[in-house]
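Secondary and tertiary structure notes
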Amino acid sequence: MYLAAFRGAFWRLRERVGAGSGTGAGGSVTAVIPARDEESSIGRTVASLRRQRFDGALRIVVADDESADRTGESARAAGADAVIRVAPRPAGWKGKLWAVSEGLR
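Rules behind the numbers
- Residues numbered from 1 in each chain as written.
- Predicted model: local features only at pLDDT ≥ 70, side-chain atom pairs only at ≥ 80, totals over all residues.
- Heavy atoms only, no water.
- Helix = DSSP H or I, 4+ residues; strand = E, 2+ residues; numbered from the N terminus.
- Buried < 20%, exposed > 50% of the residue type's maximum accessible area, 1.4 Å probe, protein only.
- Contact = heavy atoms within 4.5 Å.
- pLDDT = per-residue confidence, 0-100.
- Arc of directions from axis to C-beta.
- Phe/Tyr/Trp six-rings, centres within 6.5 Å; stacked < 30°, edge-to-face > 60°.
- Polar contact = N/O pair within 3.5 Å; in protein donor to acceptor, adjacent residues only side chain to side chain.

On to the side chain of aspartate 65. By the secondary structure assignment, aspartate 65 is in the loop between β2 (57-64) and α3 (71-78). Aspartate 65 sits in the buried class, given a relative accessible area of 6%. Sequence-distant contacts of aspartate 65, that is, excluding residues within four places in its chain, are made with Ala35, Arg36, Val86, Gly95 and Ala99.

Take a look at the structure:
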């Protein structure tokens, strides 16, 4: 109730990004996608990112988290810049967070 009634419509963005105010030619974004046994969908995911309009450099890294199928091969075929095999997760880490951490590294 508090958030809905008393936070002043916090969900509305007051800041606006104007047309042409993107990162420009010098900007870059790296998307890290954690994936385990995603052979049937990872290709669509990577292809969707590739189709997006972006003025800067886009790099797509798929962190293949111990998949038993052809997730890595499907990601490469769809245009991923890098596919890394994630090492087994150490104690205390959650699966997806570990995969993202390995992808960033």
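Another point: the confidence of the model for the chain. In low-pLDDT segments, the atomic positions of the prediction should not be examined closely. In the predicted model, the chain carries a mean pLDDT of 84, and 76% of its residues have values of at least 70. Ranking the helices and strands of the chain by mean pLDDT puts α3 first, with 96, and helix α1 (residues 2-6) last, with 64.

Right, let's talk about helix α4 (residues 95-104) for a bit. Helical periodicity: at 3.6 residues per turn, an α-helix aligns residues three or four positions apart in one direction. Along α4, the residues that are buried comprise Trp98, Ala99, Glu102 and Gly103. For α4, the angular spread of the buried residues around the axis is 135°, confining them to a single face. In α4, the exposed residues that point more than 90 degrees away from the buried face are Leu97 and Leu104. Its buried side turned inward, α4 meets β1 (28-35), β2 and β3 (82-85).

Here we come to α3. Of the positions making up α3, those classed as buried are Thr71, Gly72, Ser74 and Ala75. Seen end-on, α3 carries its buried residues on one side only, within an arc spanning 165°.

Here the structure, examined in full by the defined rule, presents one aromatic pair. Measuring from centroid to centroid gives 5.0 Å for tryptophan 93 and tryptophan 98, while their planes differ by 65°, and the two rings are edge-to-face.

A word on the environment of arginine 44. Positionally, arginine 44 belongs in helix α2 (residues 42-51). The exposed category is assigned to arginine 44, whose relative accessible area is 59%. When the C-alpha atoms of arginine 44 and serine 74 are compared, they prove to be 9.4 Å apart, with 30 residues separating the residues in sequence. At a separation of 2.9 Å, a polar atom in the side chain of arginine 44 contacts the main-chain carbonyl oxygen of serine 40.

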